[in-house]
Amino acid sequence: TVDGENLVALSENQLARLRLHKMGFVFQNYNLLANFTARENVEAPMVLAKLGRRERRERTHSLLERVELAERDHHYPGELSGGQQQRVAVARALANNPPILIGDEVTGDLDSESGLAIMRLLAELNEEGMTIVFVTHDPRMAEFARRLIHIYDGKLSNSDAGKAPGNHQSETA
């Protein structure tokens, strides 16, 4: 369930609307549109949500500033480094201000400094009230989580229960 709605009972159109308005996705391999600039990639979800042009432009600029790429807004993905592409992907995931962000190896292709910057941004968003679910194999990135769920060989595991670093809550679901 999301916001009390049983996802199994929703039609394809209802699920698409839920994803558009309530969830942002950051994919491991970015999934940026190659023929769109960074700005256009970030704007795309807002176009689908029917936001006005002025609001889209202001929000896009703000998001690209937040991921430190405002000066690269006119560049195409092929003109950006892997880390820059991932930051554009994060900005795009935040375009419609979703209450939930889902990320798959959000920092997998980033250098350690860029990875930490993205994780600090995600921690800020979480402090602001956004629910963030991310998958990582990197224990340094897991340090940012408030709650850890371990999966081994495709199964939830409690073998590390109580061993999580920092002030995490480690559990199975």
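Scoring rules and cut-offs
Residues numbered from 1 in each chain as written. Predicted model: local features only at pLDDT ≥ 70, side-chain atom pairs only at ≥ 80, totals over all residues. Heavy atoms only, no water. 1 Å grid on protein atoms, 1.4 Å probe; cavity = no way out; pocket = protein on both sides within 12 Å on 5 of 7 lines; lining within 4 Å. Points joined across faces, edges and corners; volume = space filled by probe spheres on them. Helix = DSSP H or I, 4+ residues; strand = E, 2+ residues; numbered from the N terminus. Nonpolar A, V, L, I, M, F, W, Y, C, P; charged D, E, K, R; others polar.

Peer 1: Even after reading the chapter, I still don't get the layout of surface pockets, so can you show me in this structure?
Peer 2: Rolled over the atoms, a probe sized like a water molecule indicates the empty space that remains. The computed volume of the largest pocket comes to approximately 1000 Å³. If you go around the largest pocket, you meet 26 residues; those closest to its centre are Phe134, Ala145, Arg147, Leu148 and Ile149. Per-element tally for the lining of the largest pocket: the top contributor is strand 4 (residues 147-152), with 6 residues. Class assignment for the residues of the lining of the largest pocket results in 16 nonpolar, 5 polar and 5 charged. Estimates place the volume of the second largest pocket at around 420 Å³. Residue lining of the second largest pocket: 19 residues in total, with Leu20, Met23, Phe25, Pro45 and Arg92 positioned closest to the centre. Put simply, the parts of the chain that give the lining of the second largest pocket at least two residues each are helix 1 (12-22), strand 1 (23-26), helix 2 (38-48) and helix 4 (82-93). Grouping the amino acids of the lining of the second largest pocket by side-chain chemistry returns 12 nonpolar, 4 polar and 3 charged.

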